[in-house]
Amino acid sequence: MPEITKLIHKYLRHDKKFPHVWCPGCGIGIMLGGLIRAIDRIGYEKDEIVLVSGIGCSGRLPVYVDFNTLHTTHGRALTFATGVKLAKPSLKVIVIMGDGDAVAIGGNHFIHAARRNIDITTLILNNNIYGMTGGQNSPTTPYGMRSTTTTYSNIEQSFNISELAVTAGAAFVGRGTVYHARLLDSLMEKAFLKKGFSVVEIISHCHTQYGRQNRLGTAVEMMEQQRDQAITMEKAAKMKPEELKDKIVIGVLVDKELPVYQDQYEKIREKAKGSVGG
Amino acid sequence: MLLQGNEAVAEGALRAGCRFFAGYPITPATEISEVLSVRLPKEEGTFIQMEDEIASLGAVIGASLAGVKSMTATSGPGFSLMQENLGLAIIAEVPCVIVNVMRGGPSTGLPTFPGQGDVMQARWGTHGDHPIIVLSASTVRECYDMTIHAFNLSEKFRTPVILLIDEVVGHMREKMVIDDEEKIEIFNRIKPTMPPEWYIPYEDTPSGVSPMANFGEGYRYHVTGLTHDVRGFPTSRPDEIGPFISRLHRKISSHFPEIQIGEFFQTEDAEITIVAYGCVARSAKRAVIEAREKGLKVGLLKLSTLWPFMRSAVEKVFQTSKTLIVPEMNMGQISREVKRVNRGVARVITLNKVDGTIITPMEILNRIAEVS
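Since we're looking at a predicted model, the values are computed, not measured.

A. Up close: the overall build of chain A. The helix and strand inventory of chain A stands at 11 helices and 10 strands. Relative to the globule expectation of 19 Å for 278 residues, the C-alpha radius of gyration of chain A, 19 Å, shows essentially globular dimensions. Intrachain contacts of chain A at a sequence separation of at least 6 include 66% that bridge at least 24 residues.

Listed below in structure tokens is the structure:
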């Protein structure tokens, strides 16, 4: 049996009524593959994984896998994950979000989770559009592009999710694309093993909505565009900002040691127990 | 012990076994956060101040799913922000407690003054058709007891429970005895005992409540805000949605005697009965005592459970009283319910005040004089 078939049998829910909700050619399957490969390599028990999602195409991911799974409200996945992690720190908490989920409606939760440095891994599938609701403008839709709510042209500047995570104080930030599946696997593995708030931004394509409205071609053609636009961190470091316009910088953006929230809170508990009154 | 209502809420939560609190500062509820930020770490619990009230309730629901009794506290504006995740806690059947220390409104309104304007928001605030349990308190001791009751009901029925108090009760100080030896019933959620492969997380039972597995204890299942089948998986099949939503209502509606708490004070022969809750019930009690001294047959029905509405208690009052007075610090929220169950048996008189000051015993006495 090929390795992926074994993993499918091991990690997918057989009592879930397939088929899944995603369009043929969507990049989310590559992300899901990377997720279970990384979990399998590290050797987590299925019982210790909690997969939390918000709303949108990415929000539907947890239901298909055999972990503790939690499908929450739009943009709020990180808040639920915070509660789960602090209540039971032995659990490995992984959050799945889309671009609208993470940095539009959930933008405030995202920067604060990064600032607190709670030990949670956040995977953000960035496909530049609201896919499930039919292709509306998202905070990562590039300037000048079309969507069903910017039919004349998008006049807003877009967020750079990874840079936002770095600035907000995340301990680990990596960016990959669904074209670079192997890099994605290794970024996820690194993120899972990182103590602290870790983020992997996964550049994907929505050929059904974003691609069709902007005449970017099929899923395969859009993945080839990812290949052509991608620049490694090492190469990007030697390039000028204007040369990096329209490029996707991939690799590890940040990996630093910071005090982890739960460890700090354990110290607070000891301090509280030592104090009188209250 | 001389305790403030808000402090008594915190003490009650600890006694009930609450070990997780997430909140956001807001007057007049902040003392609950402050006390628990000091006390919870001593008890191996966790306190976290979140970025807003949406996040606070999200964290509370997450912590409860991981097996820890959890609570948040807020006031009107924050309570509005919680309505989204409140719906998720209802549909996913996650026990938790939300305390709303009501102030004057709408909007920023009167942050440091009392109000009772959130009775209907507590009932209908979140979207979609849903059942809800809402309790209230009118003394410091009741803040303690009703917080424990709120936790017990939330664990028993796998549902969020809201405790509505008001600025007066939250900030008022009264003598209160907490006896650690006192026998207080504490209810913990029923957990599954069958092997994980037999566990059906949203299976119907005679009580309508299914056993609840905590994350990380071997029962891997799916929790979602979508309508779901008995296994927790999203469904759009009418034959699965109908029974599911009906069960959500039935698990509350078939347990009214356990949920509904009220106090009948001198109502046996009362010709006029006052129906009140929160700080207004205190003034109402004083008014009843003074009216009785004047020889008037007046009684009080104090509602400690606001929702589900205590229809049978009000109907009992109708047996003797042909006049009901409903004083409230809003334009008439509970009085609507009293009128609804009245069906022409009695006169329902309102007494509404929305200027940020309490309804005094004298104002209630004056209304009694007007109608008797």
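After that view, the rundown keeps rolling.
B. Expanded view of the overall build of chain B. Each helix and strand in chain B was counted, giving 13 helices and 16 strands. By principal-axis analysis of the C-alpha atoms, chain B measures approximately 70 × 45 × 40 Å. Counting every position in chain B, which comprises 372 residues, the buried fraction comes to 55%. Pairs at least 24 apart in sequence give 76% of the contacts found in chain B among residues at least 6 apart.

C. Looking closely at the sheet that holds strand β4 (residues 121-126) of chain A. Read across the sheet, nine strands follow the order β9(A)-β10(A)-β7(A)-β8(A)-β4(A)-β3(A)-β1(A)-β2(A)-β10(B) without closing on themselves; strand pairing throughout is mixed. At either end of the open sheet lies a strand with only one pairing partner, and these are β9 (230-232) of chain A together with β10 (222-224) of chain B. In this sheet, adjacent strand axes meet at a mean angle of 20° when their direction is disregarded. Bridge count between β4 of chain A and strand β8 (residues 198-203) of chain A: six bridges; the pairing is parallel. Residue L125 of chain A lies in a different strand from β8 of chain A, and its bridge partner there is I202 of chain A. In the packing of helix α9 (residues 219-229) of chain A onto the sheet, contacts are made with β7 (172-177), β8, β9 and β10 (248-255) of chain A, and the angle to β9 of chain A comes to roughly 35°.

D. Spatial organisation of the interface of chain A and chain B. Each partner contributes residues to the interface: chain A has 37 residues there, and chain B has 39 residues. Elements with a contribution of two residues or more to the side of chain A that touches chain B: β2 (68-71), α3 (77-87), α5 (107-116) and α11 (261-274) of chain A. Broken down by element, the residue count for the side of chain A that touches chain B peaks at eight residues, all from α3 of chain A. Counted by class, the side of chain A that touches chain B contains 13 nonpolar, 13 polar and 11 charged residues. As defined by bridge partners, β2 of chain A adjoins β10 of chain B across three bridges and the pair is classed as parallel. Across the sheet, residue L70 of chain A finds its bridge partner in β10 of chain B, namely V223 of chain B.

Cut-offs used in this document
Residues numbered from 1 in each chain as written. Chains lettered and ligands numbered in written order. Predicted model: local features only at pLDDT ≥ 70, side-chain atom pairs only at ≥ 80, totals over all residues. Helix = DSSP H or I, 4+ residues; strand = E, 2+ residues; numbered from the N terminus. Rg over C-alpha atoms; globule rule 2.2 N^0.38 Å. Contact = placed C-beta atoms within 7 Å. Buried ≥ 20, exposed ≤ 12 C-beta atoms within 10 Å, placed from the backbone. Pairing = 2+ DSSP bridges. Axes fitted to C-alpha atoms, helices over the stretch in contact; angles between N-to-C directions. Nonpolar A, V, L, I, M, F, W, Y, C, P; charged D, E, K, R; others polar.

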